[in-house]
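If you want the building blocks of each chain, they are given just below.
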Amino acid sequence: MFHKILIANRGEIALRVIRACREMGIRTVIAHSTADADSLPVRLADESVCIGPPEARLSYLNIPSIISAAAITDSEAIHPGYGLLAENPAFAEICRACGITFIGPSPEAIRLMGDKAQAREMAKSAGAPVVPGSEGPLAGVDEAQALADSMGYPVIVKAAAGGGGRGMRIVRERAALARAYTTCQAEAGAAFGSSELYLEKFVEEARHVEVQVLGDKNGMRLHLGERDCSVQRRHQKLLEEGPAPALLPETRAGLHKAALAVASAVNYVSAGTVEFLVDREGQFSFIEMNTRIQVEHPVTEMITGVDLVQEQIRVAAGEKLRFRQKDIVLRGHALECRINAEDPYRFTPSPGKITSYHPPGGPGIRVDSHVYQGYSVPPYYDSMVGKVIAYGATREQAIARMRIALSEMVVEGIQTNIPLHRELLNDTRFVRGGVSIHYLEQKLAQEQAKKK
Ligand code: MV4
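Everything quoted here is computed from the prediction, not taken from an experiment.

1. Some remarks on the sheet that holds strand 12 (residues 270–278)
Taken together, the eight strands give an open sheet; going across it, the order is 13-12-9-10-11-14-19-17, and neighbouring strands pair in antiparallel fashion. Looking at the sheet topology across the chains shown, the edges are occupied by strand 13 (284–290) and strand 17 (365–368). Averaged over all pairs of adjacent strands, the angle between strand axes in this sheet comes to 25°, irrespective of strand direction. The sheet contacts of helix 15 (residues 439–451) involve strand 10 (221–233) and strand 11 (236–242), and relative to strand 10 the element is tilted by about 20°.

Put into structure tokens, the structure is as follows:
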């Protein structure tokens, strides 16, 4: 096992990794920007190294600084958390070249899954259902036009180097395709350095369901059930839960099997997530694979009892997975509310000093957060200040516990989205379960209309 791990991240996930390491008897080094010098991860890690100024580009994304920090502290491995360098294949390669273990999948798996058109082909050949669409990247607008005409509208044009909702355009009629293609191509080139596009039939009123997988270097792979992440706004997830509500047993079993087939096709090592769309009839299709630990991983930890971050570390150190599929028992239900420092209805960031803080507790409640009373939320990074996770024997119990938790929780001095979460947990459609990816934006639009 590693003696020392460097954490190349900040905020709640840095703290999450520190806790996993401490439990495993591994020393931790936090690489941090000047803006995070007073952060809890810096105080709780065994060592800290300042890697640059506040702007992420010059610190958390500064590969030479991070590698140097690992070298001077004798760190054997780097945990990238999520976001930042977590899905950067070049970073994983540089770690390898420097003799540092990247805690995650191989650079090859990251690169392959980072090309969403290639990932789609891979999933298709592995036998996972994919949405009807192009085979590999599109050759040009004529091919897109011909394909869309044969499939029928609406379609969705996606950047091969995009993902997570970045660089895509829904096209509802033939007349709009050529323009959407050109803008999407230009945007993709500017944003990702690759203008390759692919096309799919647009699935209406879908749900976003993702399957957690875990693989070791011995060729063993498991799934740990699914999460429903349909409650989102502008591709920012707000609330996730697991298991996905109102799924037929055969749909659920099909999702798990397809996720394992995709993971096996790329010899996947570490924790990963295979994303699917599930339509109103329960038909599911692969859309993407995320090659990192995700924000919402605690949902799965609560319903399986598996510590996914510790498993990532064990597998990276070459240990065999300690359980088989039959040992993974999905029990109860978990919800996660992402707490953001933002205006709950205008969604504008609200950085600043937290003057009063009281986290919730009690049976089945877990809070993953790096904030404390007196902490200043810096303006340079994303606005998530923590997550409240509620576990219950049933979905109803998990919802009840989450309502109580959010009623107890106090965060003052900054604005947070806690009031919006409280509303969602009392909304008939959410409580009934099985809402689509359009639910939150529809609800917000309705409330906007009411106010006028
Ligand atoms: C889709 C889709 C419908 N049909 N693909 C968005 C994130 C990325 N992982 C893939 N995404 C989607 N891909 C097809 N063929 C719907 C989404 C999608 C979405 C689309 C519009 C508005 C909100 C959305 C939220 C989640 C997923």
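2. Re the packing of helix 1 (residues 11–24) against helix 11 (residues 308–316)
Where helix 1 meets helix 11, the axes come as close as 9 Å, and the angle between the chain directions of the two elements is 65°. Helix 11 is crossed by helix 1, and the crossing has right-handed handedness. Mapping the contact onto sequence places Arg16, Val17, Ala20, Cys21, Glu23 and Met24 in helix 1 and Leu308, Val309, Gln310, Ile313 and Arg314 in helix 11.

3. Some remarks on the sheet that holds strand 8 (residues 197–201)
Across the sheet, which stays open at both edges, the three strands sit in the order 7-6-8 with antiparallel pairing between neighbours. This sheet does not close on itself; its edge strands, each paired only once, are strand 7 (166–171) and strand 8. The mean inter-strand angle of the sheet, taken between neighbouring strand axes irrespective of direction, is 25°. Pairing of strand 6 (residues 155–163) with strand 8, which is carried by five bridges, proceeds in the antiparallel orientation. Paired with lysine 158 across the two strands is tyrosine 198, which belongs to strand 8. This element, helix 8 (residues 174–192), spans strand 6, strand 7 and strand 8 of the sheet and lies at about 175° to strand 7.

4. Quick word on the packing of helix 7 (residues 141–151) against helix 8
Two elements in contact, helix 7 and helix 8, have axes separated by 10 Å at closest approach and are oriented at 145°. Here helix 7 and helix 8 pass one another in a crossing that is right-handed. Of the residues in helix 8, those touching helix 7 at Val141, Ala144, Gln145, Ala148 and Asp149 are Arg174, Leu177, Ala178 and Tyr181. The class makeup of the residues in the contact of helix 7 with helix 8 is six nonpolar, one polar and two charged.

5. A few points about the packing of aromatic side chains
For any two aromatic rings, the description comes down to two numbers: the centre-to-centre distance and the angle of the planes. What the rule picks out here adds up to six aromatic pairs. Here the aromatic rings of phenylalanine 276 and phenylalanine 284 are separated by 5.8 Å at their centres, their planes lie at 85°, and the arrangement is edge-to-face. What makes phenylalanine 276 buried here is its relative accessible area of 0%. The interplanar angle of 55° and the centroid separation of 5.3 Å between the aromatic rings of tyrosine 372 and tyrosine 375 together place this pair among those described as tilted. Of the two residues, tyrosine 372 and tyrosine 375, neither departs from the other in class, the shared state being buried. Put simply, the rings of Tyr60, Tyr380 and Tyr381 touch in pairs and so form one group of aromatic residues. Note that arginine 233 overlies the ring of phenylalanine 347, its terminal NZ or CZ placed 3.7 Å from the centroid. Taking the ring centre of phenylalanine 430 as reference, the NZ or CZ of arginine 395 above it sits at 4.9 Å.

6. Structural notes on the site of the ligand
Close contacts around the ligand come from 18 residues, with Lys158, Glu200, Lys201, Val203 and Glu275 the closest. A distance of 2.8 Å separates a nitrogen atom of the ligand from a polar backbone atom of lysine 201. Interatomic distance of 2.9 Å between a backbone N/O atom of valine 203 and a nitrogen atom of the ligand. Isolated, the ligand exposes 530 Å² of accessible area, and the fraction of that covered by the protein chains is 94%. For the shell around the ligand, the secondary-structure elements that each account for two or more residues are strand 6, strand 7, strand 8, strand 12 and strand 13. Along the lines of polarity and charge, the residues of the shell around the ligand split into nine nonpolar, four polar and five charged.

Cut-offs and rules
- Per chain, the residues get numbers from 1 upward, laid out in the order the sequence is written.
- In view of the model being predicted, local features appear only for residues whose pLDDT reaches at least 70, and side-chain atom pairs are presented and counted only at 80 or more, with totals across whole chains, interfaces and linings using the full set of residues.
- Hydrogens are left out, water is left out, and the side-chain values use all remaining heavy atoms of the structure.
- Note on pairing: two strands pair once DSSP finds at least 2 bridges between them.
- Secondary structure follows DSSP: runs of H or I at least 4 residues long count as helices, runs of E at least 2 residues long count as strands, and numbering of each begins at the N terminus.
- In this analysis an axis means a line fitted to C-alpha atoms, helices contributing only their contacting stretch, and an angle means the value between N-to-C directions, from 0 to 180 degrees.
- Note on contacts: a residue pair qualifies if any of its non-hydrogen atoms lie within 4.5 Å across the two residues.
- If you view the pair so one helix is near and one far, a crossing is left-handed when the near helix is turned anticlockwise from the far one by less than a right angle, and right-handed when it is turned clockwise.
- Each residue receives one of three labels: charged for Asp, Glu, Lys and Arg, nonpolar for Ala, Val, Leu, Ile, Met, Phe, Trp, Tyr, Cys and Pro, and polar for the others, Gly being one of them.
- Each aromatic pair joins two rings of Phe, Tyr and Trp (for Trp, the six-membered one) with centres within 6.5 Å, and gets the label stacked for planes under 30 degrees apart, edge-to-face for over 60, and tilted for any other angle.
- Partly exposed residues are those whose accessible area sits between 20% and 50% of the maximum for their type, while under 20% is buried and over 50% is exposed, using a 1.4 Å probe and protein chains only.
- Geometrically, a charge over a ring is one whose NZ (Lys) or CZ (Arg) sits within 6 Å of the ring centre while staying within 35 degrees of the ring normal.
- Consider each residue's heavy atoms; a residue with any of them within 4 Å of a molecule or strand counts as near.
- Under the rule applied, a polar contact is a pair of N or O atoms within 3.5 Å (in protein, one hydrogen donor and one hydrogen acceptor; residues adjacent in sequence only if both atoms are side-chain atoms).
- All accessible areas in this document rest on Shrake-Rupley with a 1.4 Å probe, and a residue is counted as covered only by the protein chains that are shown.

As far as function goes, none of this settles anything; it's purely spatial.
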